[in-house]
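Descriptive structure summary
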Amino acid sequence: MLLKLNPEHLLLIRTHAASTYPEECCGIILGYLANESKTVVEVIPTENAWSGETLEDNKRRRYAIAPEIMLKIQKEARDRSLHIIGIYHSHPDNPAIPSESDRIQAWQEYSYIIVSVPNGKAGELKSWHLDGDRQFQEEEIEIA
Ligand SMILES: [Zn+2]
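The following paragraphs examine the structure supplied in this document. Given the structure is predicted, the values throughout are model-derived calculations rather than measurements.

Observations regarding the overall build of the chain
- A tally of regular secondary structure across the chain gives three helices and eight strands.
- Written out in order from the N terminus, the α and β elements of the chain read β-α-β-β-α-β-α-β-β-β-β.
- Its C-alpha atoms give the chain a radius of gyration of 14 Å, near enough to 15 Å, the size a compact globule of 144 residues would have.
- Its C-alpha atoms give the chain principal-axis dimensions of about 45 × 35 × 30 Å.

Take a look at the structure:
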C-alpha cells in the first residue's frame, strides 16, 4: 500500500531521530485509509520507553512505546476520526531496514517507517509493512 506524507512530517521524524542519537527515537503516525493508500495526517513523537540497559539490549538498539501512551493517542485519534496507521523509529548508525526484533513486535495493520541516522545525521528513510507470512515488505512513499 502507498503511504502519503508531507514534507513537514518527514522533517519532524528526521529532526526527532537526530535529536535522540545515539539512541533510537520513536513515535506514532496518525492518518486514514482511502483508495488503496494511507494518508498521514499527524506524526506524534513519543518517548523511547525501552527498559533494557545492558550493552546488547538498550535504547541504542531497541525502542518501545509505553502501552498507556498508545491507548491515550488511540483514543484521541478516534475522537478526531483518525487511526493509528503506523509507528516510526530510528536506526542509529544502522540502515533503514527492520531488525528481527522489529519484525517480532510488529502489528499487521501498521506501517513502519524507519530512518537511518549515520553519525547523528538523519539519512535514508523507508517504510515497511508485514505481508501475509509476517515478513516485512518495503512500502512505497509519496511525498506531497
Ligand atoms: Zn528497528
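Considering the sheet that holds strand 5 (residues 111-117)
- Strand order in this open sheet of eight strands is 7-6-5-4-2-3-1-8, and the pairing throughout is mixed. Strand pairing shows two members of the sheet lacking a second neighbour, strand 7 (136-139) and strand 8 (141-143), which therefore form its edges. Ignoring strand direction, the axes of neighbouring strands in this sheet form an average angle of 35°.
- Bridge count for strand 1 (residues 2-5) against strand 8 is three bridges, and the pairing is parallel.

Here's the deal with the environment of Lys 4
- Counting through the fold element by element, Lys 4 comes out in strand 1.
- Taking the C-alpha atoms as reference points, Lys 4 and Ala 34, separated by 30 residues in sequence, lie 11 Å from one another.
- Apart from the residues lying within four places of it in its own chain, the contact partners of Lys 4 are Ser 37, Lys 38, Thr 39, Val 40, Glu 142 and Ala 144.

Some words on helix 2 (residues 67-79)
- With 13 residues, helix 2 should reach 18 Å at 1.5 Å per residue; the first-to-last C-alpha distance of 19 Å fits that figure.
- Across the 13 residues of helix 2, one count as buried, placing the element largely on the outside.
- Looking at the residues trailing helix 2, positive phi occurs at Ser 81, about 60°.

A look at the nonpolar core
- Counting 21 residues, the largest nonpolar core has Ile 13, Ala 17, Ile 29, Ile 87, Tyr 88, Ile 113 and Val 115 as the members making the most contacts within it.
- Elements with a minimum of two residues in this core: strand 1, helix 1 (7-20), strand 2 (26-34), strand 3 (37-46), strand 4 (83-92) and strand 5.
- Residue contributions to this core peak at five residues, all from strand 5.
- Excluding residues that lie within four positions of it along the chain, Ile 29 makes contacts with Val 40, Val 43, Ile 84, Ile 85, Gly 86, Ile 87, Tyr 88, Ser 111 and Ile 113.

Overview of the environment of Ala 77
- Here Ala 77 lies in helix 2.
- Since 20 C-beta atoms lie within 10 Å of it, Ala 77 is described here as buried.
- It is 7.1 Å that separates the C-alpha atoms of Ala 77 and Leu 30, two residues lying 47 residues apart in sequence.
- When sequence neighbours within four positions are dropped, the list of residues in contact with Ala 77 reads Leu 30, Leu 82, His 83 and Ile 84.

Cut-off values and rules
- Residues numbered from 1 in each chain as written.
- Predicted model: local features only at pLDDT ≥ 70, side-chain atom pairs only at ≥ 80, totals over all residues.
- Helix = DSSP H or I, 4+ residues; strand = E, 2+ residues; numbered from the N terminus.
- Rg over C-alpha atoms; globule rule 2.2 N^0.38 Å.
- Pairing = 2+ DSSP bridges.
- Axes fitted to C-alpha atoms, helices over the stretch in contact; angles between N-to-C directions.
- Contact = placed C-beta atoms within 7 Å.
- Expected span 1.5 Å × (residues − 1).
- Buried ≥ 20, exposed ≤ 12 C-beta atoms within 10 Å, placed from the backbone.
- Core = buried A, V, L, I, M, F, W, Y, C linked by C-beta atoms within 7 Å.

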